[in-house]
Amino acid sequence: MKEQLTHTELAPDLRISRVVTGLWQIADMERDERSVDLDEAARSMTAYTDAGLATFDMADHYGSAEDIAGIFATKYAGDTDVRMLTKWVPKPGGSSRETVRQAVQRSLDRLQTDCLDLLQYHAWNYADPSYLDDLFHLQALKEEGLIRHLGLTNFDTDHLAIVLASGIEVVSNQVCFSLLDQRASADMAKLCEDRRVKLLAFGTLAGGFLTERWLGKPEPAMDELATWSQMKYKRYIDTAGGWAPFQELLTAVKATADRHSVSMANIASRYILEHPAVGAVIIGARLGQSEHIDNNKQLLQFALDDKDKETIGAALKELETVPGDCGDEYRKPPFLTASGDLSHHLESLPAPFPAKAGSDGRTLALSGTIWEDLAGFSRAVRKGNRILVSGTTATHGDRVIGVRDAAAQTHFVIDKIHGALQSLGGSLEEVVRTRVFVRNMDDWEAVARAHGRRFGSIRPANTLVQADLVGTDYLVEVEAEAILSD
């Protein structure tokens, strides 16, 4: 076995296994007030490190996963070079600098370490720009030495580009990527390859559906499924065309597995692992209950050939494309989550900007930029069923977001417009007119393409002109009008 096939470098000082053991099922094991013996679970992790699988992925909300990993690292790991990847998934609405520090310290305490190998961040609502404040605070803690590297989780292409263009140093993006869900293989993969960001792919086994267990079996009802993962990925199967084409895919995977004398799970994960943008696949484990360690090791001991890819590719063509970009399952319908919505994740989604009553029955939304106070205007005004959004630039606090990147600035500007609309009861889908002003005509196409990605299915009336914008760092300004439905 070649060494370079077993590990990948997210950074010169962060080398991880190409098969990462995911601990999300700890939360599933602790459902309905059940408990897990933390020490026993920690001890069971030694079987993975003994097999050379010494990278583990967890999160602040995966039940006791961080606590278990901390016990393992201090009590059972010995001299093994173990890598612990974790996540912070804050409530929407933004956090103070101190709240961010407390969240990081909580993970440090649970993992019993003084520096997190990789902290991955999830944002719920791009229309609320406070997620960038969280990331800037995390960047400061990285520079302070509490975090070795930053990653993202469930970010889409456009917002990964915003983060990178704003000087936030990320080395990875953890996303759903499987034979059923090929969203990451398009624009996301290209951006990651261009910017040397690695994808960490989860869901490669679709909650166990891409295994022998379901080949030739009748379609299960949702209430027959035992785990959150199964409930979640059954929705992916339905979205991708249903049980019949899914069975054709399983047949193709089985034929390929037989040619290599490996499991169907190996084939499903290997297909994703061989994508050049993918640094590692994350395979879940029920510590002490369902190990599959030898099977996971085998994943690194073979490669797919052209015939394999042709067989699987033919079956993939019969599937429907999962809509949208990476992470959309958590932000817009159809919500491809275990519950089919966000009810088991969020209680509510706060308005991005404060709104207050104005004169003459109007309502004002204020984003808090220096320009609003200076020039005496609102980010947006609602009167009746009409919302007017002021000319909006890539200003956030005292920062310019997406410096020198016209497309990134455009996406952030449209996010701010979306946030203003949300704060006044509207949405991007109700926009009927946009006006776009660019500083440099050389940027017109990048700006227009960004506008097209966000408004392509809405098709508002639009004008794009060159203008000498106020502030030399601003490459684009956009204003919008929306008419709300009854």
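Structure: above.
Quick caveat: nothing in here was measured; it's all calculated off a predicted structure.

Student: Mind showing me how you'd approach the overall build of the chain here?
Tutor: Regarding its fold elements, the chain presents 16 helices and 19 strands. For 486 residues, the compact-globule estimate of 2.2 N^0.38 gives 23 Å, and the C-alpha radius of gyration of the chain, at 24 Å, lies within 12% of that figure. Here the C-alpha coordinates of the chain stretch approximately 70 × 50 × 45 Å along the principal axes. Here the analysis covers contacts within the chain between residues at least 6 apart in sequence; of these, 76% occur between residues at least 24 apart. As displayed, the chain has an accessible area near 20800 Å², and 47% of this comes from carbon and sulfur atoms. Averaging the locations of the 52 positively and 71 negatively charged side chains of the chain gives two centres separated by 2 Å.

Student: Quick question: what am I supposed to make of the packing of aromatic side chains here?
Tutor: Both the distance between ring centres and the angle between the ring planes are used here to describe each pair of aromatic rings. Scanning the entire structure with this criterion turns up 13 aromatic pairs. On the numbers, 4.7 Å between centres and 40 degrees between planes, the contact of Phe209 with Trp214 is tilted. Between Trp243 and Phe246 the ring centres are 5.2 Å apart and the planes differ by 50 degrees, which places this aromatic pair in the tilted class. Of this pair, Trp243 and Phe246 both sit in helix 10 (residues 243-260), separated by three residues, roughly a single helical turn. Relative accessible area serves as the criterion here: at 1%, Phe246 is assigned to the buried category. Just above the ring of Phe302 sits the side chain of Arg270; from NZ or CZ to the centre is 6.0 Å. Directly above the ring of Phe136 sits Arg399, whose terminal nitrogen or CZ lies 3.6 Å from the centroid.

Student: Teacher, can you tell me more about the side chain of Thr256 here?
Tutor: Locating Thr256 in the fold gives a position in helix 10. Among residues more than four places away in sequence, those in contact with Thr256 are Ile267, Leu304, Asp308, Thr311 and Ile312.

Student: Explain the pairing of strand 1 (residues 7-11) here, please?
Tutor: Regular strands show a simple pattern: their side chains alternate between the two faces of the sheet. Summarising the sheet, strand 1 and strand 2 (residues 14-17) pair through four bridges and their orientation is antiparallel. Within strand 2, the position partnered with His7 by the bridge is Ser17. Counted along the chain from strand 1 to the antiparallel partner strand 2, the turn is two residues long.

Student: What exactly am I supposed to notice about the environment of Ala394 here?
Tutor: Along the chain, the position of Ala394 falls in the loop between strand 14 (386-392) and strand 15 (395-396). Once the C-alpha coordinates of Ala394 and Glu193 are considered, the two residues, 201 residues apart in sequence, prove to be 26 Å apart. Every residue in contact with Ala394, bar those within four places of it in the chain, is listed here: Arg399, Val400, Ile401, Gln409, Phe412, Val413 and Tyr474.

What counts as what
Residues numbered from 1 in each chain as written. Predicted model: local features only at pLDDT ≥ 70, side-chain atom pairs only at ≥ 80, totals over all residues. Heavy atoms only, no water. Helix = DSSP H or I, 4+ residues; strand = E, 2+ residues; numbered from the N terminus. Rg over C-alpha atoms; globule rule 2.2 N^0.38 Å. Contact = heavy atoms within 4.5 Å. Areas by Shrake-Rupley, 256 points an atom, 1.4 Å probe, with all protein chains shown as cover. Lys, Arg positive; Asp, Glu negative; His and termini not counted. Charge placed at Lys NZ, Arg CZ, Asp CG, Glu CD. Phe/Tyr/Trp six-rings, centres within 6.5 Å; stacked < 30°, edge-to-face > 60°. Buried < 20%, exposed > 50% of the residue type's maximum accessible area, 1.4 Å probe, protein only. Lys NZ or Arg CZ within 6 Å of the ring centre and 35° of its normal. Pairing = 2+ DSSP bridges.

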